Amino acid sequence: RDVTGVQTCALPISGQLTAVLRRIEAPGATFTTTQVVGGVLTAWAFIGTPISWLLPAFRQDGDPQVIRAFSDFAYLTFNSTFIISTMQAVAAGMLGLADNRERRVFPRWSCWVAIVAGLSFFVVGLTPFIGAGSALSLEGWFAGWIPGTMFFIWTAVTTVYMVKDVRYRQRNDILSEVIPTAERV
C-alpha cells in the first residue's frame, strides 16, 4: 500500500481548500473549520497508519500472529478514520454549493462530487462487521476500491479548480484580497 503521494499532498490541498472556503463562508466558519480539522486528521491517517504496515514488513522473522495483529491494527485504524474524511468532503461540498458569489471557485457538479465522495466513505466503516468473502468485507473490493477511487476523484477535481482560482487571482492581482469580517455579514 503506497500512499506516499497522498501523504505529501493531503496537507497542502487541505490548506488551500481552507483558504478558498474561508473566502466563501460567513463569520463563524463552521464548515471551514470542520474541513481543516478533517484535512489534518485525514493526513494523519495517511501518514500514521502506513507505519503500522511497515513494522511487520521490517520484522518479517517475527511471530506471524504479531505481524497479523499489526497489519489488522493498521487497516482498521486507517478505515476507522472514514468519518473524518466524510465530514471534510461533505463540509467542503456543502459550502461550495452555498457559494452565491458571481465568480464561484467550484462548479456545482464538483461540490456534488465532494458530497458523494464523502458519503461513499461510510462503506469503509462497515468492514469490521461484515463476514469474510463479501464485497463489503475487510478483504472485499467495494470497501477499498470505491471509497479510495472517490477520494482521489474528489481531491483531483478540487485541486484543478483551486489551481484555476489561484491563477485567476494572480492574473487579476487579488491574491492578497482579504474581506473584512464586517463586510461578509
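Above: the structure in question.
An account of the accompanying structure is given in this report. (Residues numbered from 1 in each chain as written. Predicted model: local features only at pLDDT ≥ 70, side-chain atom pairs only at ≥ 80, totals over all residues. Heavy atoms only, no water.)

### As for the overall build of the chain
On a plain count of helices and strands, the chain comes out with eight helices and zero strands. Put simply, the chain runs from its N terminus to its C terminus through helices and strands in the order α-α-α-α-α-α-α-α. Excluding contacts between residues fewer than 6 apart, the proportion of contacts in the chain whose partners are at least 24 apart in sequence is 66%. When the accessible surface of the chain is totalled, it reaches about 10,600 Å², and 66% of it is carbon and sulfur. (Helix = DSSP H or I, 4+ residues; strand = E, 2+ residues; numbered from the N terminus. Contact = heavy atoms within 4.5 Å. Areas by Shrake-Rupley, 256 points an atom, 1.4 Å probe, with all protein chains shown as cover.)

### Describing the packing of helix α2 (residues 30-58) against helix α4 (residues 82-98)
With their axes 8 Å apart at the nearest point, α2 and α4 run at an angle of 145° to one another. In the crossing of α2 with α4, the sense of the turn from one axis to the other is left-handed. Counting all contacts with α2, which are made through Phe31, Thr32, Thr34, Gln35, Gly38, Gly39, Leu41 and Thr42, the residues of α4 involved are Ile84, Ser85, Met87, Gln88, Ala91, Ala92, Met94 and Leu95. The residue inventory of the contact of α2 with α4, partitioned by class, reads eight nonpolar, eight polar and no charged. (Axes fitted to C-alpha atoms, helices over the stretch in contact; angles between N-to-C directions. Left-handed = near helix turned anticlockwise from the far one by under 90°. Nonpolar A, V, L, I, M, F, W, Y, C, P; charged D, E, K, R; others polar.)

### Comments concerning the nonpolar core
Counting 25 residues, the largest nonpolar core has Leu17, Val20, Leu21, Phe106, Phe121 and Trp154 as its most contacted members. For this core, the elements supplying multiple residues, two or more each, are α1 (4-24), α4, α5 (108-120) and α7 (141-171). Considering every element that reaches this core, the biggest residue donor is α7, with six residues. In contact with leucine 21, other than residues within four places in its own chain, are Thr32, Gln35, Ala92, Leu95 and Phe106. (Core = buried A, V, L, I, M, F, W, Y, C linked by side-chain atoms within 4.5 Å. Buried < 20%, exposed > 50% of the residue type's maximum accessible area, 1.4 Å probe, protein only.)

### Digging into α5
With 13 residues, α5 extends 18 Å from end C-alpha to end C-alpha; this agrees with the ideal 18 Å at 1.5 Å per step. For α5, the set of buried residues is Ser110, Cys111, Val113, Ala114, Ile115, Ala117, Gly118 and Ser120. (Expected span 1.5 Å × (residues − 1).)

### Overview of the side chain of serine 85
Mapped onto the elements of the fold, serine 85 is located in helix α4. Looking at serine 85, the relative accessible area reads 9%, which means it is buried. With residues near it in sequence (within four places) discarded, serine 85 still touches Thr42 and Phe121.

### Description of a nonpolar patch on the surface
On the surface, a cluster of nonpolar side chains totalling about 350 Å² of accessible area is made up of Val37, Val40, Leu41 and Trp44. By the element assignment, tryptophan 44 lies in helix α2. Under the relative-accessibility criterion, tryptophan 44 is labelled partly exposed at 45%. (Patch = residues over 30% accessible without salt bridge, like charges linked within 9 Å, V, L, I, M, F, W, Y side chains within 5 Å. Salt bridge = Lys/Arg side-chain N within 4 Å of Asp/Glu carboxyl O.)

### With respect to the packing of aromatic side chains
In the structure shown here, the tally under the stated rule is five aromatic pairs. Ring geometry for phenylalanine 82 against phenylalanine 122: centres 5.6 Å apart, planes inclined by 65°, an arrangement best described as edge-to-face. Taken together, the positions of phenylalanine 82 in helix α4 and phenylalanine 122 in helix α6 (residues 122-126) put the pair 40 residues apart, joining distant regions of the chain. For the ring pair tryptophan 109 and tyrosine 161, a centre distance of 6.0 Å and an interplane angle of 75° mean the geometry is edge-to-face. One end of the pair, tryptophan 109, is in helix α5; the other, tyrosine 161, is in helix α7, and 52 residues separate them in sequence. (Phe/Tyr/Trp six-rings, centres within 6.5 Å; stacked < 30°, edge-to-face > 60°.)

These values are about where atoms sit, not about what they do.
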